[in-house]
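# Observations on chain architecture
Each chain, letter by letter, is given below.
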Number of protein chains: 2
Amino acid sequence: MPDVPLQPPAKHAIDDGMNVHSASPSTTPTVRERVIAAAIELFARDGYFQTSLPDIQQQAGVSIGAIYRNFASKDELAATVYDLVLDAIGELFRVNLDGRDDFLERFRGLLSDLFRLTEERPELIEYALYVKHREISQEIGPVCSSEPFVYLQARVADAMRRKQLRSGDVVVTTATLMGPPLRLIQLSLDGLLRPPLAGTVDTLIDNARRALAP
Amino acid sequence: MPDVPLQPPAKHAIDDGMNVHSASPSTTPTVRERVIAAAIELFARDGYFQTSLPDIQQQAGVSIGAIYRNFASKDELAATVYDLVLDAIGELFRVNLDGRDDFLERFRGLLSDLFRLTEERPELIEYALYVKHREISQEIGPVCSSEPFVYLQARVADAMRRKQLRSGDVVVTTATLMGPPLRLIQLSLDGLLRPPLAGTVDTLIDNARRALAP
DNA sequence: GTCTATACTCAGATAGAC
DNA sequence: GTCTATCTGAGTATAGAC
């Protein structure tokens, strides 16, 4: 995956959100874009500390000097990538969860998108969810407190107010919603899940509804 | 995986279970034991790659030479620690899930123990669940395929046969059971969960029962 | 067996040619 | 702006005294 735009798969906005190409729609990717794409892939596959700048240099097909012209340090590169990926995920959350109709139906849409993204761009999800960003930089807070998850909690609280979800502790309810799909994503990334993730959405939503509907 | 056992003394194997001090109940810990204890703490807190042998040396109060007399390499130390920790967790699973009475009541016991362990020995849980062991050594498989989780899936399948759980995909059902508590553990380790984990057990089991009971 | 001092490797980062 | 060559420091691992 050299030049890695997030091609517009559908109505959803992953594309722009994650479009690593700043403003060049289908031109040859810039050095910066190539470096970012390589970093996502290698950081997710081998981990941050086991990915050296020479590795990135080779994968991106640029020189060390060019990398340092675009990023002050390896850390800053990682932070940039983190922000980009989290923005993309955040967009997915917002596109799906906005609205007032039945919360669990909106949530179903989110799961479908997350699962699709896991299968199309596993390195992206791997990077967002399972790279230990705190090890890289203490500046970065834990994923759980990142914008998408905070947003999700707000929507859960809102759904409770609207009696679309049983009242209860927001944190526990959110964990009950996201825990199972995240676990399946992890299994899928580890290659331990045979069938496609998409096939589990109905069951997950059914379970969530029994557990959490008022 | 030589000495440093975690004997299962009482019915709950934790306290002494993870007693790094091997067969010597209250003797001065050996070098090996001190190194292992330091490694668990530092690997979990700072990550494997950001923990140097001088760090471990200092924390354990031993010399580099002594470390290398007990472990062939930093990798081997990590692998040893991993096995020990996973054995302890596995014991927790077995102690709680053995038996034939209502599965979800047995599962409740497991959650209580896991949560207690998370609060008493967070570095242990952190190390078992969230250190990316595959980055350290490709020899080590993903946590999800580790002995405790495989065992859990077997018990879930068994509970389905006994009509204690609704029939369905074993992997999805297991994810539905473990996903929420694991997520709460993650939040707790990140310091984002105010109340004690133990207080969530009842809700988690209630949710699981509604979702998964026949 | 445990220690200290040291060798070796390779990472991240920089300088200066083009 | 991009490259190659090089510096510097950290970290793993070893050698050899005690």
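Since the model is a prediction, treat every value here as computed from it, not as a measurement.

## As for the protein's contact with DNA strand C
Inspection of the region around DNA strand C gives 14 residues, with Leu53(A), Tyr68(A), Lys74(A), Ser63(B) and Arg69(B) positioned closest. Counting only atoms of DNA strand C within 4 Å of the protein, the fraction found in sugar and phosphate groups is 65%. In this structure, a phosphate oxygen belonging to DNA strand C sits 2.7 Å away from a main-chain N or O atom of Leu53(A). Between DNA strand C and Ser63(B) there is a distance of 2.5 Å, counted from a phosphate oxygen to a side-chain nitrogen or oxygen. Looking at the surface near DNA strand C, the elements with two or more residues in it are helix 3 (53-60) and helix 4 (64-70) of chain A together with helix 3 (64-70) of chain B.

## Brief notes about the protein's contact with DNA strand D
The immediate surroundings of DNA strand D are formed by 14 residues, with Ser63(A), Arg69(A), Leu53(B), Tyr68(B) and Lys74(B) found nearest. Of all atoms in DNA strand D that approach within 4 Å of the protein, 61% are sugar or phosphate atoms. In this structure, Ser63(A) approaches DNA strand D through a side-chain N or O atom, which is 2.5 Å from a phosphate oxygen. Contact between DNA strand D and Lys74(B): a phosphate oxygen at 2.8 Å from a side-chain N or O atom of the residue. Elements supplying a minimum of two residues to the surface near DNA strand D: helix 4 of chain A together with helix 2 (53-60) and helix 3 of chain B. With three residues, the top contributor of residues to the surface near DNA strand D is helix 4 of chain A. Residues belonging to the surface near DNA strand D are distributed by class as follows: seven nonpolar, five polar and two charged.

## With respect to the relation of the copies chain B and chain A
Laying chain B over chain A is done by rotating through 180° and shifting 0.0 Å along the axis; what remains is an RMSD of 0.1 Å. Such a combination of turn and shift is consistent with a two-fold rotation axis. Distance from the rotation axis, computed per C-alpha, reaches its smallest value in chain B at Gly179(B): 2.0 Å. Interface overlap between copies is the fraction of interface residues in one copy that are interface residues in the other; for chain B against chain A it reaches 100%, indicating a shared surface.

## Quick word on the environment of Ala38(B)
Residue and element names in this part refer to chain B. Among the structural elements, Ala38 can be located in helix 1 (residues 31-46). On the basis of relative accessible area, Ala38 is assigned to the buried category, the value being 3%. Setting aside chain neighbours within four positions, we find Ala38 in contact with Ile56, Gln59 and Ala60.

## Describing the pattern of salt bridges
If you walk through the whole model with that rule in mind, you get 34 salt bridges over all chains. Across the pair Glu126(A) and Lys132(B) runs a salt bridge whose closest N-O atoms are separated by 2.9 Å. Here the residue Glu126(A) occupies a position in helix 7 (residues 122-130), and Lys132(B) occupies one in the loop between helix 6 (122-130) and helix 7 (133-136), the pair thus bridging two chains.

## Structural notes on the interface of chain B and chain A
On the chain A side, the residues contacting the 37 residues of chain B number 37 residues. Buried area between chain B and chain A, both sides added, is near 3300 Å², and the carbon and sulfur share of it is 63%. Looking at the side of chain B facing chain A, the largest losses of area belong to Cys144(B), Arg183(B) and Arg210(B), adding up to 18% of the total buried there. Along the contact surface separating chain B from chain A lie ten residue pairs in polar contact (both at pLDDT 80 or more). Of all the secondary structure elements, the ones that give two or more residues to the side of chain B that touches chain A are helix 6, helix 7, helix 9 (170-189) and helix 10 (201-212) of chain B.

## Remarks on unusual backbone geometry
The backbone of Lys163(A) shows a phi angle near 65°, a positive value even though the residue is not glycine. Structurally, Lys163(A) can be placed in the loop between helix 9 (147-161) and helix 10 (170-189).

So, how was this worked out
- Residues numbered from 1 in each chain as written.
- Chains lettered and ligands numbered in written order.
- Predicted model: local features only at pLDDT ≥ 70, side-chain atom pairs only at ≥ 80, totals over all residues.
- Heavy atoms only, no water.
- Near = heavy atom within 4 Å.
- Polar contact = N/O pair within 3.5 Å; in protein donor to acceptor, adjacent residues only side chain to side chain.
- Helix = DSSP H or I, 4+ residues; strand = E, 2+ residues; numbered from the N terminus.
- Nonpolar A, V, L, I, M, F, W, Y, C, P; charged D, E, K, R; others polar.
- Least-squares fit on C-alpha atoms with pLDDT ≥ 70 in both.
- Contact = heavy atoms within 4.5 Å.
- Buried < 20%, exposed > 50% of the residue type's maximum accessible area, 1.4 Å probe, protein only.
- Salt bridge = Lys/Arg side-chain N within 4 Å of Asp/Glu carboxyl O.
- Buried area = accessible area lost by both parts, 1.4 Å probe.

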